[in-house]
Amino acid sequence: MAATEHDLGHEEWTKVHSSPEFAQLRRRLRGFVFPMTALFLGWYLLYVLLADYAHGFMSTKLIGNFNVGLLLGLLQFVSTFLITGLYVRFANRKLDPIADRIREDVEGGAR
């Protein structure tokens, strides 16, 4: 039977949270999430500012009635899916192995 949070006491969870492996996991997660969040928010803010203050630029037609504003708006969705894909790849390669080791240590120690 696998260990759950309810199976382990406060001391055991404190030990896990203070372990070097957990610190490495948090450091790697933050190293990806914080810069990617800042990048995306900057990209979104640029889009909003252009939409509000650069009407002429955003209404520049590219093909038919398809303009720069519509292109940049659609690229917001594309960037969201791209970031999701990058995170999944990052998590699979850099986070999951550490999380698996931590889980094995916790489950092995609870038996």
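In this text the structure is predicted, and so the values were computed from the model without any measurement.

Asks: Can you break down the overall build of the protein residue by residue, with the values?
Replies: When its secondary structure is counted, the protein shows four helices and two strands. Over its C-alpha trace the protein gives a radius of gyration of 22 Å, far above what one expects of a compact globule, namely 13 Å for 111 residues. In terms of its C-alpha atoms, the protein occupies a principal-axis envelope of roughly 65 × 20 × 20 Å. Expressed as a percentage of the 111 residues in the protein, the buried residues total 21%.

Asks: Before we move on, can you summarise the pattern of salt bridges with the specific residues and values?
Replies: According to the stated counting rule, one finds one salt bridge in the structure shown. Here Asp100 ties to Arg103 by a salt bridge, and the two come within 2.3 Å at their closest N and O atoms. In this pair, Asp100 and Arg103 both sit in helix H4 (residues 68–110), three residues apart, roughly one turn of the helix. Its relative accessible area of 31% is what places Asp100 among the partly exposed residues.

Asks: Could you give me a rundown of the side chain of Ser79, with the residues and numbers involved?
Replies: Its location among the elements puts Ser79 in helix H4. Classification of Ser79 by relative accessible area gives buried; the value is 14%. Among the polar contacts listed, one links the side chain of Ser79 to the side chain of Trp43, at a separation of 3.0 Å. Engagement of the side chain of Ser79 in a polar contact is seen with the backbone oxygen of Gln76, the distance being 2.8 Å.

Asks: Give me the lowdown on the packing of aromatic side chains, citing residues and values where you can.
Replies: A full pass over the atoms with the stated rule returns two aromatic pairs. Ring geometry for Phe32 versus Tyr87: centroids 5.7 Å apart, planes at 50 degrees, classification tilted. Placement of Phe32 in helix H2 (residues 20–53) and of Tyr87 in helix H4 is noted, with a sequence separation of 55 residues between them. According to the relative accessible area criterion, Tyr87 is partly exposed, its value standing at 32%. With a centroid separation of 4.7 Å and 15 degrees between ring planes, the pair formed by Phe32 and Phe90 is classed as stacked. Remark: Phe90 occurs in helix H4 and Phe32 occurs in helix H2; sequence separation between them is 58 residues. Residue Phe90 is classed as buried on the basis of its relative accessible area of 19%. Three or more aromatic residues link up through ring pairs in this structure, and these residues are Phe32, Tyr87 and Phe90.

Asks: Let's hear about a positive patch on the surface: which residues, and what values?
Replies: Together, Arg27, Arg28, Arg89, Arg93, Lys94 and Arg101 give the surface a local cluster of positive charge. Listed by contribution, the elements that provide at least two residues to the positive patch are H2 and H4. Here the positive patch gets four residues from one element, more than from any other, and that element is H4. The topology assignment puts Arg101 in helix H4.

Asks: Any details on the UniProt feature "transmembrane region" (unreviewed entry) in the protein? Residues and values, ideally.
Replies: Per the UniProt record, the feature "transmembrane region" (unreviewed entry) sits at residues 32–50 and 70–88. With 100% helix and 0% strand, the stretch residues 32–50 has end C-alpha atoms that lie 27 Å from each other. From the first C-alpha to the last, residues 70–88 spans 28 Å; its make-up is 100% helix and 0% strand.

Basis of the calculations
- Residues take numbers from 1 onward in each chain, read along the sequence in its written order.
- Given that the model is predicted, a residue must reach a pLDDT of at least 70 before its local features are reported, and side-chain atom pairs must reach 80 or more before they are shown or counted; all residues, however, enter totals for whole chains, interfaces and linings.
- To get the side-chain values, all heavy atoms of the structure are used, and hydrogens and water are removed first.
- Strands are runs of DSSP state E lasting at least 2 residues, helices are runs of H or I lasting at least 4, and numbering of each runs from the N terminus.
- All radius of gyration figures rest on C-alpha atoms, and the globule criterion is 2.2 Å times the number of residues raised to 0.38.
- Here the term buried applies to any residue with accessible area under 20% of the maximum for its type, exposed to any over 50%, and partly exposed to those in between, with areas from a 1.4 Å probe on protein chains only.
- Any carboxyl oxygen of Asp or Glu that lies within 4 Å of a side-chain nitrogen of Lys or Arg is treated as forming a salt bridge with it.
- Two N or O atoms form a polar contact when they lie within 3.5 Å of each other; inside protein one atom must be a possible hydrogen donor and the other a possible acceptor, and for residues adjacent in sequence the pair counts only when both atoms belong to side chains.
- Each Phe, Tyr or Trp ring (for Trp, its six-membered ring) is paired with any other whose centre lies within 6.5 Å, and the angle between the two planes then decides the class: stacked below 30 degrees, edge-to-face above 60, tilted in between.
- A patch is a set of surface residues, each over 30% in relative accessible area and not in a salt bridge, joined within 9 Å for like charges and within 5 Å for the nonpolar side chains Val, Leu, Ile, Met, Phe, Trp and Tyr.
- Only the protein chains shown count as cover for residues, and the accessible areas themselves come from Shrake-Rupley with a 1.4 Å probe.
- Counted as positive: Lys and Arg. Counted as negative: Asp and Glu. His and the chain ends are not counted at all.
- In this description, the location of a charge corresponds to atom NZ of lysine, CZ of arginine, CG of aspartate or CD of glutamate.
- UniProt positions are given in the numbering used here, feature names are shortened, and annotations may be inferred rather than shown by experiment.

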